[in-house]
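Listed here are the chains, written in short residue letters.
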Amino acid sequence: GRGETVTCSPTKNAELFSAVLGGLGQFGIITRARILLQEAPQKVKWVRAFYDDFGTFTKDQELLVSMPDMVDYVEGFIVLNEQSLHSSSIAFPANMDFSPDFGTKGSPKIYYCIEFAVHDYQRKNTNVEQVVEAISVQMSHIASHLYSVEVSYFDFLNRVRMEEMSLRSSGLWEVHHPWLNMFVPKAGIRDLRDLLMDNISPDNFEGLILIYPLLRDKWGTNTSVVLPDSGSTEQVMYVVGILRSANPDEGCSHHCLQELLRRHRHIADTAGVRIGAKQYLAHHPTPAGWHQHFGPRWERFVERKNRFDPLSILGPGQGIFPKGSTGVYAS
């Protein structure tokens with residue numbers, strides 16, 4: 001924000017380096033980055049397991065992320081209806097014999113799916129099948145509903161592109177996508193699930209709801225990313241993403257879209273107050289809302305703004321700081 005070109009890293013201009021990570025564009029513009037590479041595997045063993053109990057679903061996810069030497073990828077999602085089951089399975093090339101009973105309109109039944117992957121470097125001393133077996137015997141999924149397939153590493157990385165192409169072919173890509181992403185403390189993840197079900201109808205939901213844990217110690221505490229506070233014993237937090245489509249051809253016009261946005265705001269605000277969740281890619285309509293979002297991290301955020309963008313040139317449209325203001329902000 002001072003108009004300087006600066007090279008920064010964890011050891012050089014470290015404060016600026018930390019500030020711009022999750023800084024919402026308030027401190028500087030990243031023009032070039034050096035990213036560490038890792039060896040790419042030849043193949044990937046891609047596994048899916050289904051659940052009808054939320055507690056078992058989250059317990060198994062936390063088990064998987066606690067084994068980083070064996071498991072290379074973990075994600076999970078809610079299976080609300082036939083559409084969510086189909087759309088999430090487009091890129092998964094295995095035949096899944098999973099045809100659950102979703103209940104009735106007045107009494108829906110919800111399912112859950114864990115997706116994990118094990119990289120296969122095709123070395124002589126490693127048997128990926130045995131690794132997957134050693135992992136799966138510790139899991140408590142619905143009996144006979146664990147599915148696995150071997151794919152190339154490229155096809156695994158390209159799976160979302162395949163889903164994009166499917167959405168394009170059905171006219172659901174060039175439509176509004178009202179999304180909501182949150183970080184949720186482990187202690188509040190069941191309450192968050194209940195809040196979602198109180199505000200989402202499985203009958204007309206188009207899209208995906210992601211729920212999966214992250215290891216807290218992988219997240220630096222000096223960046224600008226706002227994470228939920230948690231007890232000292234909590235080693236994980238959760239990501240929850242409501243990734244929905246609002247198709248005007250299916251009746252979701254302007255009024256419907258505004259109602260979806262209103263519900264998302266209600267979910268975010270309620271989850272923030274009730275369980276301490278924090279919105280990722282946050283949007284708040286007032287400076288006071290931003291102040292509440294940052295909580296005890298607000299003072300540091302203000303200090304960094306004064307230091308790295310004293311004329312408030314960067315990111316005025318987010319409304320974090322008053323438009324047209326210059327000089328020092330008070331915390």
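Residues numbered from 1 in each chain as written. Predicted model: local features only at pLDDT ≥ 70, side-chain atom pairs only at ≥ 80, totals over all residues. Heavy atoms only, no water.

> Can you help me understand the overall build of the chain in this one?
Of regular secondary structure, the chain possesses 10 helices and eight strands. A compact globule built from 331 residues should have a C-alpha radius of gyration of about 20 Å, and the chain, at 22 Å, falls within 12% of that. With respect to the three principal axes, the spread of C-alpha positions in the chain is 65 × 55 × 40 Å. Per-residue burial for the chain yields a buried fraction of 45% across its 331 residues. (Helix = DSSP H or I, 4+ residues; strand = E, 2+ residues; numbered from the N terminus. Rg over C-alpha atoms; globule rule 2.2 N^0.38 Å. Buried < 20%, exposed > 50% of the residue type's maximum accessible area, 1.4 Å probe, protein only.)

> What exactly am I supposed to notice about unusual backbone geometry here?
In most cases, non-glycine residues show a negative phi, while peptide bonds are predominantly trans. If you check the backbone angles, Asn13 has positive phi at about 50 degrees while not being a glycine. Checked against the element boundaries, Asn13 lands in the segment before helix H1 (14-20). A positive phi angle, near 55 degrees, is found at Ser312, a position not held by glycine. Here Ser312 shows up in the segment after helix H10 (298-308). With a relative accessible area of 14%, Ser312 lands in the buried category.

> Explanation requested: the packing of aromatic side chains in the structure shown.
Centre distance and the angle of the planes are the two values used to describe a pair of aromatic rings. Under the definition given, this model contains 20 aromatic pairs. Here Phe50 and Phe98 contribute two aromatic rings whose centre-to-centre distance is 4.0 Å and whose plane-to-plane angle is 25 degrees, an arrangement assigned as stacked. Of this pair, Phe50 sits in strand S1 (residues 43-51) while Phe98 sits in the loop between helix H3 (82-87) and strand S3 (111-120), placing them 48 residues apart in sequence. Phe98 sits in the buried class, given a relative accessible area of 7%. Measuring from centroid to centroid gives 5.8 Å for Phe98 and Tyr111, while their planes differ by 90 degrees, and the two rings are edge-to-face. Pair noted here: Phe98 is in the loop between H3 and S3 and Tyr111 is in strand S3, with a separation of 13 residues, a long-range link. Overall, Tyr111 belongs to the buried group, its relative accessible area being 7%. Three or more aromatic residues joined by ring pairs make a cluster, and in this case those are Phe27, Trp290, Phe294, Trp298, Phe301 and Phe321. A cation sits over an aromatic face here: Arg48 above Phe92, 5.0 Å from the ring centre. The side chain of Arg159 reaches across the aromatic face of Phe156, ending 4.2 Å from its centre. (Phe/Tyr/Trp six-rings, centres within 6.5 Å; stacked < 30°, edge-to-face > 60°. Lys NZ or Arg CZ within 6 Å of the ring centre and 35° of its normal.)

> How should I be thinking about the side chain of Lys305 in this particular structure?
Its location among the elements puts Lys305 in helix H10. Within the structure, Lys305 has its side chain in polar contact with the side chain of Asp309 (distance 2.6 Å). (Polar contact = N/O pair within 3.5 Å; in protein donor to acceptor, adjacent residues only side chain to side chain.)

> Would you explain the sheet that holds strand S7 (residues 236-244) in this entry?
Across a sheet, strands are paired by hydrogen bonds formed along the backbone, either parallel or antiparallel in direction. Taken in spatial order, the eight strands of this open sheet run S4-S1-S3-S2-S6-S7-S5-S8, and their pairing is antiparallel. With one partner strand each, in any of the chains shown, strand S4 (146-152) and strand S8 (278-280) form the two edges of the open sheet. Neighbour-to-neighbour, the strand axes of this sheet turn through a mean angle of 25 degrees, independent of strand direction. Of the pairings in the sheet, the one linking strand S5 (residues 179-185) to S8 comprises three bridges and is antiparallel in character. In the strand pairing of S8, Met182 is matched with Gln279. (Pairing = 2+ DSSP bridges. Axes fitted to C-alpha atoms, helices over the stretch in contact; angles between N-to-C directions.)

> Explanation requested: the pattern of salt bridges in the structure shown.
Between side chains of opposite charge, pairing is possible as soon as their charged atoms come close. Overall, the coordinates contain 15 salt bridges when judged by the stated rule. A salt bridge links Arg168 to Glu164; its shortest N-O distance comes to 2.8 Å. With Arg168 and Glu164 both in helix H6 (residues 159-169) and four residues apart, this pair spans about one turn of that helix. Overall, Arg168 belongs to the partly exposed group, its relative accessible area being 39%. A single salt-bridge network, built from bridges that share partners, covers Arg161, Glu164, Arg168 and Glu174. (Salt bridge = Lys/Arg side-chain N within 4 Å of Asp/Glu carboxyl O.)

> Is there a simple way to explain the packing of helix H7 (residues 189-199) against helix H8 (residues 254-275) in this structure?
A pair of packed helices is captured by two measures, namely the crossing angle of their axes and the spacing between those axes. Close contact between H7 and H8 brings their axes to 11 Å; oriented N to C, the two are set at 155 degrees. Considering their axes alone, H7 and H8 lie roughly antiparallel with respect to each other. As H7 runs across H8, the sense of the crossing is right-handed. Here Asp191, Leu192, Leu195, Leu196 and Asn199 of H7 come into contact with H8, specifically with Arg263, His266, Ile267, Thr270, Ala271, Arg274 and Ile275. Within the contact of H7 with H8, the residues separate by chemical class into six nonpolar, three polar and three charged. (Parallel < 35°, antiparallel > 145°, perpendicular 65-115°, else oblique. Left-handed = near helix turned anticlockwise from the far one by under 90°. Contact = heavy atoms within 4.5 Å. Nonpolar A, V, L, I, M, F, W, Y, C, P; charged D, E, K, R; others polar.)

> Can you walk me through the pairing of S1 in this structure?
Successive side chains on a regular strand alternate, one facing one side of the sheet and the next facing the other. Along S1, eight of the nine residues are buried, which leaves the element largely enclosed by surrounding structure. Sheet topology places S1 next to S3; nine bridges connect them, and they run antiparallel. Across the sheet, Val47 pairs through a bridge with Phe116, a residue of S3.

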